[in-house]
Amino acid sequence: HEIQISAEAIKLTRSVMNATLHYRVSLLSRAMGALKDVDLGADIVSAHGGVPVEQQVASTAQHLEKRHSFARIAPGQSVRYEGQITIPLSQVRVIRQGNAALFVPLLRVRLDGASEEPLVKTFVIGLGGPNGGRVMPFRIDEGPRSYEPIAARALD
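Calculation criteria
Residues numbered from 1 in each chain as written. Predicted model: local features only at pLDDT ≥ 70, side-chain atom pairs only at ≥ 80, totals over all residues. Heavy atoms only, no water. Pairing = 2+ DSSP bridges. Helix = DSSP H or I, 4+ residues; strand = E, 2+ residues; numbered from the N terminus. Salt bridge = Lys/Arg side-chain N within 4 Å of Asp/Glu carboxyl O. Axes fitted to C-alpha atoms, helices over the stretch in contact; angles between N-to-C directions. Buried < 20%, exposed > 50% of the residue type's maximum accessible area, 1.4 Å probe, protein only. Contact = heavy atoms within 4.5 Å.

Undergrad: How do you make sense of the sheet that holds strand β6 (residues 95–97) when you look at a structure like this?
TA: Sheet strands pair via backbone hydrogen bonds, and the direction of the pair is either parallel or antiparallel. Spatially, three strands are ordered β6-β7-β10 in an open sheet, and the strand pairing comes out antiparallel. What marks the edges here is a single partner per strand, and that holds for β6 and β10 (138–139). When strand β7 (residues 100–103) meets β10, the two strands line up antiparallel, connected through two bridges. Bridge pairing links F103 to F138 in β10.

Undergrad: Mind showing me how you'd approach unusual backbone geometry here?
TA: Note: most residues except glycine have negative phi, and most peptide bonds are trans. Across the junction of E148 and P149, the peptide omega takes the value 5 degrees, indicating a cis bond. One can find P149 in the loop between β11 (145–147) and β12 (150–154). The residue D37 is not glycine, and still its phi comes out positive at about 50 degrees. Within the fold, D37 resides in strand β3 (residues 35–46).

Undergrad: Teacher, can you tell me more about the pattern of salt bridges here?
TA: Pairing between side chains of opposite charge can happen when the charged atoms of each approach one another. Applying the stated criterion to the full structure yields nine salt bridges. Salt-bridge contacts for R24 lead to E82; the nearest nitrogen and oxygen are separated by 2.8 Å. With R24 in strand β2 (residues 18–29) and E82 in strand β5 (residues 78–88), this pair connects stretches of sequence that are 58 residues apart. Within the structure, one salt-bridge network assembled from shared partners comprises R139, D141, E142 and R145.

Undergrad: Would you mind going over the sheet that holds strand β9 (residues 119–127) with me for this structure?
TA: Across the sheet, five strands lie side by side as β4-β3-β8-β9-β12; this open sheet has antiparallel pairing. Both outer strands of the open sheet, β4 (66–73) and β12, are each paired with one neighbouring strand and no more. Ignoring strand direction, the axes of neighbouring strands in this sheet form an average angle of 25 degrees. Two elements, β3 and strand β8 (residues 105–112), share eight bridges in a ladder whose sense is antiparallel. Paired with I44 across the bridge in β8 is L107.

Undergrad: When you look at the environment of E8 in this model, what are you seeing that I'm missing?
TA: Tracing the sequence through the fold places E8 in strand β1 (residues 3–14). Judged by relative accessible area, E8 falls into the partly exposed class, the value being 37%. Remark: the alpha-carbon pair of E8 and L127, spanning 119 residues in sequence, is separated by 12 Å. In this structure, E8 is in contact with Y23, R24, S26 and A152, ignoring residues within four places of it in sequence.

Geometric descriptors of this kind do not, in isolation, establish any biological role.
Here you go:
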């Protein structure tokens, strides 16, 4: 691809009603020429084994809410966007494990304008460090809190 997409999860905060992910998406252009008017869309869904994968991971057929637009990205340039996305806990698909209620957020990212087809990527978010290894799900049966360090792992 002419553009490389990476994501970092900064922290997840949970209130009584919502979970909010603070994240950073970085784009590195490998294109020969400048890219213009690149739109970054993103959302959060929750992973669950009982739901078809196609409904969980980002696809080019889905439109994700536009979060940011880059007017111009020069060849070799790296740009980034920091933002936050909130998901109501009522929309979370809870995974039961013994007495625990677990939440596995998926950050879905879509780029329009960087290539002929939209570029999409899905990242699983969980407790863990930035240097690889598995990420652990969040417990949502505990009280409101803030989680960090957390990590994002690309699914594809």
